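One-letter residues, chain by chain:
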Number of protein chains: 2
Amino acid sequence: MASSADVQRGLQDVVALESRLCFIDGKLGRLIYQGYDIRDLAERSTFEEVAYLLWYGKLPTGPELSDLTSRLGALRTLPPALAEMIDRFPADANPMDVLRCAVSALGLYEPAETQPGPHAISGALRLTATMPSILGQFHRRRKGLPPLKPRPDLSHAAYLIYALLDRVPTGPETRAMDVDLILHADHELNASTFAARVTASTLSDLYSAVTSAVGALKGPLHGGAAERVVDLLQVIRTPDRAAEVVHSKLVRHERIMGFGHRVYKVEDPRATILREWSRRLGEAKGDLHYYELLRKLEEVVHREKGLYPNVDLYSGSVYALFGIPTDLFTPIFAVSRVTGWTAHVLEEYEDLRLIRPMAKYVGTVDLPYVPIGQRT
Amino acid sequence: MASSADVQRGLQDVVALESRLCFIDGKLGRLIYQGYDIRDLAERSTFEEVAYLLWYGKLPTGPELSDLTSRLGALRTLPPALAEMIDRFPADANPMDVLRCAVSALGLYEPAETQPGPHAISGALRLTATMPSILGQFHRRRKGLPPLKPRPDLSHAAYLIYALLDRVPTGPETRAMDVDLILHADHELNASTFAARVTASTLSDLYSAVTSAVGALKGPLHGGAAERVVDLLQVIRTPDRAAEVVHSKLVRHERIMGFGHRVYKVEDPRATILREWSRRLGEAKGDLHYYELLRKLEEVVHREKGLYPNVDLYSGSVYALFGIPTDLFTPIFAVSRVTGWTAHVLEEYEDLRLIRPMAKYVGTVDLPYVPIGQRT
């Protein structure tokens, strides 16, 4: 039997598989998707190009990108039975529960892919294209509004904002959301991606795997962090109160979301980029309230705990500037990460190996079976 | 960066966590649930007692068992909105997709538990109680029949048969199914249970975790094996053709389902017990066709490959003797394993640690970003 020292709690530092999708250099604070530095991609690329890169392993040519973009646009309409189902979900449901149900139900109406190749990529496109439609329809439904007709002409980032807010965003707004989506597209074996790969490793289908991922992303220790950051900002209210609020949390041994990362030992490069976009979008909208609170919060947390910001610190401030309600922050994370989830599932199908670790048994053995009448 | 030798493919032999739920002694061929040998439990206990054992860590007294049994019975009625949803699912849907959707949707109507304790156990009871109702309703719906009213008076095993076949089973039938459910209730960190724990490790809720597990169980490398065994028996047809069919599969390097196990190096103790029940049920029904085919198949596979049967070899023959269609075999596995899934999720909440391994990056780095017009 394994000794206590052999238990790899949380699988921290365990290398579970080989992947060519994503490289996190935790010491140098670099993030690479399929060979390309996230800083180049965030500066020069679009979300659609990054999605292509993750699925096909190379950046698209002009015609390849046009093809992908028009396919994504055409796939935004939900199966009618799924649209009806969403209208019947309780109006007060958690949007992540809605997304999990809708992704699972999409699998009832699409072929169950379990092989790498063009059919599975079609499934990945379908999942990516429909997520903004699902969230938009549910968000409108809970406000008593009818569904919008999908807009195949908009980019993924612009369509997401359109689906949620019923307005076509400005150029700078679209670009801010586009960069946010690029930064969230993949992050190696984070818990939701790993849940997708564990599911796919049994040769279960793409929709089952992505459903598992949505369920895992829902947890506050994973996708829920950006939402909690904004909750915290609403408690802090003014920069001069940041130190006091942080202290009171530290005294109670509460975790401060948006800081630290199991892999990055320096600043998360995504935080560096999003900080800049939070400022730019704030300036464009004439509202730097959240940005200034976050700068102060960073300063206090670094001084008190030596922690660096992670991607979640600034993303909530971007969504909040659009007026998007906090319970949609984690679903927006999914709208981007679904590209990484599906790319990982495709990779799992190419190099399949059932993921099945062991547990160290810490219970008793050889208990004598006592008949029910004699038990106490 | 990790060397190739450091990659723990499939996490084989990696000890991911400590658990007091289940101990598999792969060398001696023993299986223990919370201290009790599976042979004692299969011989002397009921599925309800085993469910109690997994959730509460001890076998119930008489009053505790009565309480659990009546709670399970009372929880069999589906939320009306969920029952309506199931009636709208496509009649030709895969029942595992239906179960995944229904479990996910149940989470819309129940509190989202993320703490160990009585509320989460209530969620575990709700999930366990409703699974036969979900499957029964869908199976009847695809035959054009209206839902049955739940029967709170029946045991879990009897209710499962009732829900699927619209008849109250005989005593020996009920006991055969009861033993089958006991044997499938838990099995340490199999892929579906691990998917549930990965999901729960983000502090996501019980319904999300069980939804992940259903998705993982769907894969033919996991839950789908019993179904494939019966498919193979239909190819073999008569015992004298077993050797020929096995040879032709081995020549094509095809896997023969129902044999071998990553953990057991000897015969899976569940196979030993189920072999006996397959014979007993076959004798009671005057139909030993599958039993005799399986005995012959065992003999051939052991001679040719040195492999021992696992739990999946005989379970399909038990379900087939009831006249249950093969696409319901994996869902029946879920009807039992949901007790183990939920017990593991409760344990995860008690000793929470985000499950997040690493990947070895085998892609390129530092690719120069080429503008789209210059790509080939």
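Source: prediction; values computed, not measured. (Residues numbered from 1 in each chain as written. Chains lettered and ligands numbered in written order. Predicted model: local features only at pLDDT ≥ 70, side-chain atom pairs only at ≥ 80, totals over all residues. Heavy atoms only, no water.)

Student: Sorry if this is basic, but what is going on with the side chain of B:Ser19 here?
Tutor: On the secondary structure map, B:Ser19 appears in strand β1 (residues 15-19). If we ignore the near neighbours within four places in the chain, the residues touching B:Ser19 are A:Ala359, A:Lys360, A:Tyr361, A:Val362, A:Gly363, B:Arg197, B:His344 and B:Glu347. (Helix = DSSP H or I, 4+ residues; strand = E, 2+ residues; numbered from the N terminus. Contact = heavy atoms within 4.5 Å.)

Student: What is the right way to read the sheet that holds strand β3 (residues 30-33) of chain A from this model?
Tutor: Residues and elements named next belong to chain A. Judged by pairing direction, the sheet is antiparallel, and its three strands sit side by side in the order β2-β3-β4 without closing on themselves. Unpaired on one side and paired on the other, β2 (22-25) and β4 (36-37) mark the two borders of the sheet. Judged from the two bridges that link them, β3 and β4 form a sheet pairing that is antiparallel. Bridge assignment links Tyr 33 to a residue of β4, and that residue is Tyr 36. (Pairing = 2+ DSSP bridges.)

Student: Please explain the pairing of strand β2 (residues 22-25) of chain B as it appears in this structure.
Tutor: Each regular strand shows side chains that alternate between the opposite faces of the sheet. Residue and element names in this part refer to chain B. Burial along β2 is two-sided: the face carrying Cys 22 and Ile 24 and the face carrying Phe 23 and Asp 25 are both buried. Where β2 lies against strand β3 (residues 30-33), four bridges are found, and the strand directions are antiparallel. Note that in β3 the partner of Asp 25 across the bridge is Arg 30. Between β2 and β3, which pair antiparallel and follow one another directly, the connecting turn spans four residues, one of which, Gly 29, has a positive phi of 70 degrees. (Buried < 20%, exposed > 50% of the residue type's maximum accessible area, 1.4 Å probe, protein only.)

Student: Explain the relation of the copies chain A and chain B here, please?
Tutor: Comparison of the two chain copies shows a relationship of rotation about an axis with a shift along it. For the pair chain A and chain B, the best superposition has an RMSD of 0.0 Å and corresponds to a rotation of 180 degrees with a translation of 0.0 Å parallel to the axis. The transformation relating the two chain copies, once decomposed into turn and shift, fits a two-fold axis. For chain A, the minimum C-alpha distance to the rotation axis belongs to A:Ser212 and amounts to 2.1 Å. (Least-squares fit on C-alpha atoms with pLDDT ≥ 70 in both.)

Student: Honestly, the sheet that holds strand β4 (residues 36-37) of chain B in this entry has me stumped. Any pointers?
Tutor: What holds strands together in a sheet is hydrogen bonding between their backbones, with the strands either parallel or antiparallel. Pairing in this open sheet of three strands is antiparallel, and the strands run β2-β3-β4 (chain B) from one edge to the other. On the outer flanks of this sheet lie β2 and β4 of chain B, each paired with one strand and no other.

Student: What exactly am I supposed to notice about the domain arrangement of chain A here?
Tutor: Quite often, the size of an interface is put as the accessible area lost when its parts meet. Residue and element names in this part refer to chain A. Under the domain assignment, chain A is made up of domain 1 (17-219 + 334-350) and domain 2 (225-322). Distance between the C-alpha centres of domain 1 and domain 2: 25 Å. Between domain 1 and domain 2, a total of about 1800 Å² is buried, with carbon and sulfur atoms accounting for 72% of that surface. At the boundary of domain 1 with domain 2, the tally comes to one salt bridge. Between Glu 173 and Lys 285 there is a salt bridge, with its nearest N and O atoms 2.5 Å apart. Where domain 1 touches domain 2, the interface holds five residue pairs in polar contact (both at pLDDT 80 or more). Of all elements in the fold, only β2, β3, α1 (38-44), α7 (156-165) and α8 (171-184) reach the threshold of two or more residues within the side of domain 1 that touches domain 2. (Domains from an automatic or database assignment. Buried area = accessible area lost by both parts, 1.4 Å probe. Salt bridge = Lys/Arg side-chain N within 4 Å of Asp/Glu carboxyl O. Polar contact = N/O pair within 3.5 Å; in protein donor to acceptor, adjacent residues only side chain to side chain.)

Student: Help me out: how do you make sense of the pattern of salt bridges in this one?
Tutor: Applying the stated criterion across every chain, the model contains 71 salt bridges over all chains. For B:Lys249, the salt bridge is made with B:Glu254, and the minimal N-O distance between the two is 2.9 Å. Assessed through its relative accessible area of 17%, B:Lys249 is described here as buried. Given the relative accessible area of 31%, B:Glu254 is considered partly exposed. One salt-bridge network, in which partners are shared between bridges, spans A:Arg20, A:Arg197, A:Glu347, A:Glu348 and A:Glu350.

Student: Help me understand the interface of chain A and chain B in this model?
Tutor: Taken together, the contact pairs 102 residues of chain A with 102 residues of chain B. When chain A packs against chain B, the two sides together hide about 9000 Å² of surface, and 60% of this comes from carbon and sulfur. A per-residue breakdown of the area chain A buries against chain B is headed by A:Val15, A:Arg356 and A:Tyr369, which together make up 10% of the total. Seen at the junction of chain A and chain B, the total is 12 salt bridges. Residues A:Arg375 and B:Glu49 are paired through a salt bridge, measuring 2.7 Å at the closest nitrogen-oxygen approach. Looking at the side of chain A that touches chain B, the element that brings in the most residues is helix α5 (residues 95-109) of chain A, giving nine residues. A breakdown of the residues in the side of chain A that touches chain B according to their chemical character gives 52 nonpolar, 27 polar and 23 charged. (Nonpolar A, V, L, I, M, F, W, Y, C, P; charged D, E, K, R; others polar.)

Student: Mind showing me how you'd approach the packing of helix α9 (residues 191-200) of chain A against helix α16 (residues 329-350) of chain A here?
Tutor: For any two helices packed against each other, one specifies the inter-axial angle together with the distance between the axes. Residues and elements named next belong to chain A. Look at α9 against α16: their axes get within 9 Å of each other, and the N-to-C directions meet at 35 degrees. Where α9 crosses over α16, the handedness of that crossing is right-handed. Taken together, the residues of α16 that come into contact with α9 (itself represented by Ser 192, Thr 193, Ala 196, Arg 197 and Ala 200) are Arg 337, Trp 341, His 344, Val 345, Glu 347, Glu 348 and Tyr 349. Residue composition of the contact of α9 with α16, grouped by class: five nonpolar, three polar and four charged. (Axes fitted to C-alpha atoms, helices over the stretch in contact; angles between N-to-C directions. Left-handed = near helix turned anticlockwise from the far one by under 90°.)

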